[in-house]
Amino acid sequence: MKSAHLMRTTVLVLEKTNTLTFAAAVDPMRAANRHAGHPVFDWQFATPTDRDVTLTSGLVVPAAALNRAPPCDLLIVVAGFDPDAKATPALCASLRRLAATASIVAGIDGGPWVMARAGLLDGYKATTHWEDLPEFTQQFPDVITLDARFVESGPRMTSGGAAPAIEMMLHLIAVQNGAALADRVAGSFIYDVSSTPARPQGRQQLGMRHSPVTARAHDIMQAHLEDPLAIAAIAQELGVSLRALQLQFRTRLDRTPQAHYLGLRLAEADRLVTQTALPLQDVALRTGFGSQSSFARAYRHHFETSARQRRRSMGGINRASDAGDVPRRSLS
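### Let's talk about the pairing of strand β2 (residues 41–46)
Every other side chain in a regular strand lies on the same face of the sheet, so the side chains alternate between the two faces.
1) Next: As paired strands, strand β1 (residues 7–13) and β2 are joined by six bridges and run parallel to one another. When the bridges of β2 are listed, T9 appears paired with W43.
2) Next: As a crossover connection, the stretch from β1 through helix α1 (residues 19–36) into β2 is right-handed.

In structure tokens:
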């Protein structure tokens with residue numbers, strides 16, 4: 001259904017929001033107004049309190065406390081580092097007030113965390129940044145968590161990051177104002193909408209010369225870092241022979257599928273080592289190693305240092321207590 005009226009929008013911006021995430025939420029609305037020839041979105045910014053909010057680039061969003069924001073049609077929540085700690089009871093109460101009358105509530109990057117903490121995603125499908133998905137699933141069992149670029153579930157929309165947020169906003173523009181306007185907005189950004197919303201979020205594929213088969217194998221491997229599958233089982237799921245799968249990896253990526261799979265697991269292990277305070281035994285389990293000793297050998301061979309030394313060399317980045325108070329992901 002196309003919008004017959006101006007869509008009143010409130011964009012809640014939290015401290016240390018990624019600047020690209022912020023732009024992905026706002027600039028499609030600006031472009032939609034320009035290409036439509038008249039305003040179809042009317043937005044205002046909101047901040048959690050009466051204090052200015054600083055983005056990761058140093059840009060400042062002037063203070064405009066959310067608790068004084070008027071009713072809106074569209075409420076967008078953008079957040080970056082440690083959004084769970086920023087979801088205060090007062091902020092959640094203001095979000096619930098606005099959500100009660102808004103047609104759509106959307107969250108981007110860390111925004112879904114804030115929405116979930118406010119209870120706005122209970123019973124809905126949702127996604128968040130891929131680094132947060134395991135913790136998000138555990139923290140919010142009443143949310144149907146999906147690994148997807150963006151998710152539309154009734155009056156709720158959630159995106160894993162900045163690039164999928166552009167896709168989500170283009171989808172919203174198409175639904176509210178027609179595909180032709182959305183196409184013009186995409187064209188103005190020279191943006192090629194080639195991904196489907198339900199596709200798992202891409203990770204560490206830049207520079208890889210994937211074929212359709214290796215790309216699908218890569219996605220299966222990413223979905224099974226904690227419980228690694230046999231390469232033969234992956235080939236069977238893809239409907240190709242083991243030999244054909246091995247040949248594809250050798251030809252396109254110059255490595256065996258086994259080496260590629262191990263590299264993905266160790267890349268995730270390194271992220272957990274350097275960006276969280278998880279005990280190393282838990283890191284080993286989360287990346288599919290049956291014992292800490294096998295994990296330690298593989299990690300040292302790959303990174304030429306131990307996981308413990310690597311964590312120490314990073315200067316205690318994002319470290320928390322040994323009790324397992326694991327901070328949310330680092331800034332993207």
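### Re the packing of aromatic side chains
The geometry of two aromatic rings is summed up by the distance between their centres and the angle between their planes.
1) Next: Under the criterion given, the structure shown has seven aromatic pairs.
2) Next: Relative to Y299, the ring of F295 lies with its centre 5.6 Å away and its plane at 55 degrees, an arrangement referred to as tilted. Placement of the pair is F295 and Y299 together in helix α13 (residues 292–303), with a separation of four residues, close to one helical turn.
3) Next: You can call F295 buried: its relative accessible area is 2%.
4) Next: One aromatic cluster in this structure is built from F289, F295, Y299 and F303.
5) Next: Positioned above the aromatic ring of F289 is the side chain of R265, whose terminal nitrogen or guanidinium carbon lies 4.3 Å from the ring centre.

### Some words on the packing of helix α6 (residues 162–177) against helix α7 (residues 179–188)
1) Next: Put simply, α6 and α7 touch, their axes get as near as 7 Å, and they point 150 degrees apart. Taken together, the axis directions place α6 and α7 in an arrangement best described as roughly antiparallel. Relative to α7, the crossing made by α6 is right-handed. Taking contact as the criterion, the partners of L170, I173, A174 and N177 in α6 are, on α7, A179, L181, A182, V185 and A186.
2) Next: Residue composition of the contact of α6 with α7, by class: eight nonpolar, one polar and no charged.

### What to know about the sheet that holds strand β6 (residues 104–109)
1) Next: Judged by pairing direction, the sheet is mixed, and its six strands sit side by side in the order β2-β1-β5-β6-β10-β9 without closing on themselves. In this open sheet, the two edge strands, each paired with only one partner strand, are β2 and β9 (150–153). For this sheet the average axis-to-axis angle between neighbouring strands, irrespective of direction, equals 15 degrees.
2) Next: Bridging between β1 and strand β5 (residues 74–79) involves five bridges; their strand directions are parallel. What sits directly across from V11, in β5, is I76.
3) Next: Set on the sheet, helix α3 (residues 89–99) makes contact with β1, β5, β6 and β10 (156–159); between it and β5 the angle comes to about 150 degrees.
4) Next: Sitting on the sheet, α6 is in contact with β1, β2, β5, β6, β9 and β10, with an inclination near 150 degrees to β10.

### Section: the nonpolar core
1) Next: Counting residues in hydrophobic clusters, the biggest one holds 35 residues, and the most contacted among them are V13, F41, L74 and I76.
2) Next: Counting only elements with at least two residues in this core, the list comes to β1, α1, β5, β6, α6 and α7.
3) Next: Considering each element in turn, this core owes the most residues, eight residues, to α6.
4) Next: Not counting chain neighbours up to four residues away, the residues in contact with V13 comprise F22, F45, A46, T47, P48, V53, L55, V61 and V78.
5) Next: In this structure, L12, A46, A126 and V143 belong to the second largest nonpolar core, which totals 28 residues.

Cut-offs used in this document
- Residues numbered from 1 in each chain as written.
- Predicted model: local features only at pLDDT ≥ 70, side-chain atom pairs only at ≥ 80, totals over all residues.
- Heavy atoms only, no water.
- Pairing = 2+ DSSP bridges.
- Helix = DSSP H or I, 4+ residues; strand = E, 2+ residues; numbered from the N terminus.
- Right-handed = clockwise from strand over helix to strand, strands pointing away.
- Phe/Tyr/Trp six-rings, centres within 6.5 Å; stacked < 30°, edge-to-face > 60°.
- Buried < 20%, exposed > 50% of the residue type's maximum accessible area, 1.4 Å probe, protein only.
- Lys NZ or Arg CZ within 6 Å of the ring centre and 35° of its normal.
- Axes fitted to C-alpha atoms, helices over the stretch in contact; angles between N-to-C directions.
- Parallel < 35°, antiparallel > 145°, perpendicular 65-115°, else oblique.
- Left-handed = near helix turned anticlockwise from the far one by under 90°.
- Contact = heavy atoms within 4.5 Å.
- Nonpolar A, V, L, I, M, F, W, Y, C, P; charged D, E, K, R; others polar.
- Core = buried A, V, L, I, M, F, W, Y, C linked by side-chain atoms within 4.5 Å.

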